[in-house]
Structure formats: structure tokens, C-alpha cells
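Coordinates in review
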Amino acid sequence: MVIKSETTKIVTQPKVIVANQPSFKRWLKHFFYMPESKRFFNQQDQHAITQAVTEAEQGHVGEIQVVIEGHIPANQAYFLDIQARAQQLFADLGVWDTEYNSGVLLYINLCERAVEIVIDRGIKKATHQADWQEICLCITQNLQQQKYREAVMHGVLQIGEILNHYYASYTHEKSNEISNHPIIL
């Protein structure tokens, strides 16, 4: 039995509910966006990004997943902003499901020209938000200069440096829990 006094407030909403405002403008933008992710990231670019992820994951147990999306699907764009879409992909792709809670999702949305990094709970405890924002800013600046491959590769290597700093003490045989290939949506 829960007793409520005058000084007690009972919170009934779970913490995970985020107030995303539905946006018709965002839906229109994503609905009419012409898919360009394959044009900006051809097979050679994807291979170079895979190599960068492989290199960035050396020496630690951290896992990096790169997702490049042209636009949010029209049936989701009305309700999901970039951050919510990145969190959805983080969950759907199982980036959270690593042995040491060491998954990082680098999400790039070309329609919004936005970058979002979602980190697992194991990394969140030891890192600072400013480090991740700096990486996002660097990637965004390179994307604006139309250096697409370099932007992603440099961002992946910066993420690898942070993971190496945090997970360097875990030196056992590492298995690759998440594919190193970028996912192009």
C-alpha cells in the first residue's frame, strides 16, 4: 500500500519516456529526401570505413557500429527525431548486447546532416559528454566540406582512442561481437 503525504510526490512515468514532439515538417523533409547514401559512400568508401573500424577496435574490447542513413523512413519520421532514431537503431542492431557493455553506435543522417553517438552504459560511466560532442562536431564539419569518407574514418578513429583509453585494461583475447562493416540504410 502506497501512502502519499503532503510532502511526497509519486512519479508514475518511467524514466525512458522521452518527450519527442511529432513534426510534420520533419516528416516532409524525410519523405521527399532523395536517397544519396550510396552515392556518398561507394564500395571503396565502405571498405575504407570497415578498415578504420577494425583498426579502431584493436587493443581493447570496445565495439563500434557505423550506421549511415540517407533519411528516416517516412512511417517513423513524424515521431522520431535524430536522437530517438539513433537510440532505436542502437537497440535494434544489438549494439548494447556486448560482453563488457562496450558498444558504440555512430549514426549519421544525411538528410538532417546530423551525427549522433549512442554509447553503452559501461562506457557512459567513465567518459564525458564533451568528448562525444567534440567527435560529432568534427564529423559534421568534415561532412559540410564534403569529405564524407574522411569524416567517418576520422570519427571512428577518435572513438577508438576513447575506447582504448577506457578499456585498455581488458587485455584478454577479443572476439568481434559486432560486424565492422558500416550499415547503409
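This one's a predicted model, so the numbers in the text were calculated from it and none came from an experiment.

On to the packing of helix α7 (residues 129–144) against helix α8 (residues 148–167), then. The interhelical angle for the contact between α7 and α8, taken along N-to-C directions, is 165°, at an axis separation of 8 Å. When the axes of α7 and α8 are compared, the pair comes out roughly antiparallel. The interaxial crossing formed by α7 with α8 has right-handed handedness. Residues Asp131, Trp132, Ile135, Cys138, Ile139, Asn142 and Leu143 of α7 pack against Tyr148, Ala151, His154, Gly155, Gln158, Ile159 and Ile162 of α8. Tallied by class, residues from the contact of α7 with α8 come to 9 nonpolar, 4 polar and 1 charged.

With that out of the way, let us pick up α7. Helix length check: α7 (16 residues) gives 23 Å between terminal C-alpha atoms against 22 Å at 1.5 Å per residue, within 8%. Looking at the packing, one finds that the buried side of α7 touches β2 (103–109), β3 (114–119), α6 (121–124) and α8.

On to the packing of helix α3 (residues 43–56) against α8. At a minimum axis distance of 8 Å, the contact between α3 and α8 shows a crossing angle of 10°. Taken together, the axes of α3 and α8 are roughly parallel relative to one another. Together, Gln44, Asp45, Ala48, Ile49, Ala52, Val53, Glu55 and Ala56 of α3 and Arg149, Val152, Met153, Val156, Leu157 and Gly160 of α8 make up the contact between the two elements. Within the contact of α3 with α8, the residues separate by chemical class into 9 nonpolar, 2 polar and 3 charged.

What follows deals with unusual backbone geometry. Its identity as a non-glycine residue notwithstanding, Asn101 has a phi of 50°, on the positive side. Its place among the elements puts Asn101 in the loop between α5 (82–92) and β2. For Asn101, a relative accessible area of 22% puts it in the partly exposed group. Of note, the phi angle at Arg113 is positive, near 55°, even though the residue is not glycine.

Across the sheet, which stays open at both edges, the 4 strands sit in the order β3-β2-β1-β4 with mixed pairing between neighbours. Sheet topology places β3 and β4 (183–184) at the edges, where each strand pairs with a single neighbour. When strand β1 (residues 63–69) meets β4, the two strands line up parallel, connected through 2 bridges. Looking at β4, one finds that Val67 is bridged to Ile183.

Rules used in this analysis
- Residues numbered from 1 in each chain as written.
- Predicted model: local features only at pLDDT ≥ 70, side-chain atom pairs only at ≥ 80, totals over all residues.
- Heavy atoms only, no water.
- Axes fitted to C-alpha atoms, helices over the stretch in contact; angles between N-to-C directions.
- Helix = DSSP H or I, 4+ residues; strand = E, 2+ residues; numbered from the N terminus.
- Parallel < 35°, antiparallel > 145°, perpendicular 65-115°, else oblique.
- Left-handed = near helix turned anticlockwise from the far one by under 90°.
- Contact = heavy atoms within 4.5 Å.
- Nonpolar A, V, L, I, M, F, W, Y, C, P; charged D, E, K, R; others polar.
- Expected span 1.5 Å × (residues − 1).
- Buried < 20%, exposed > 50% of the residue type's maximum accessible area, 1.4 Å probe, protein only.
- Pairing = 2+ DSSP bridges.

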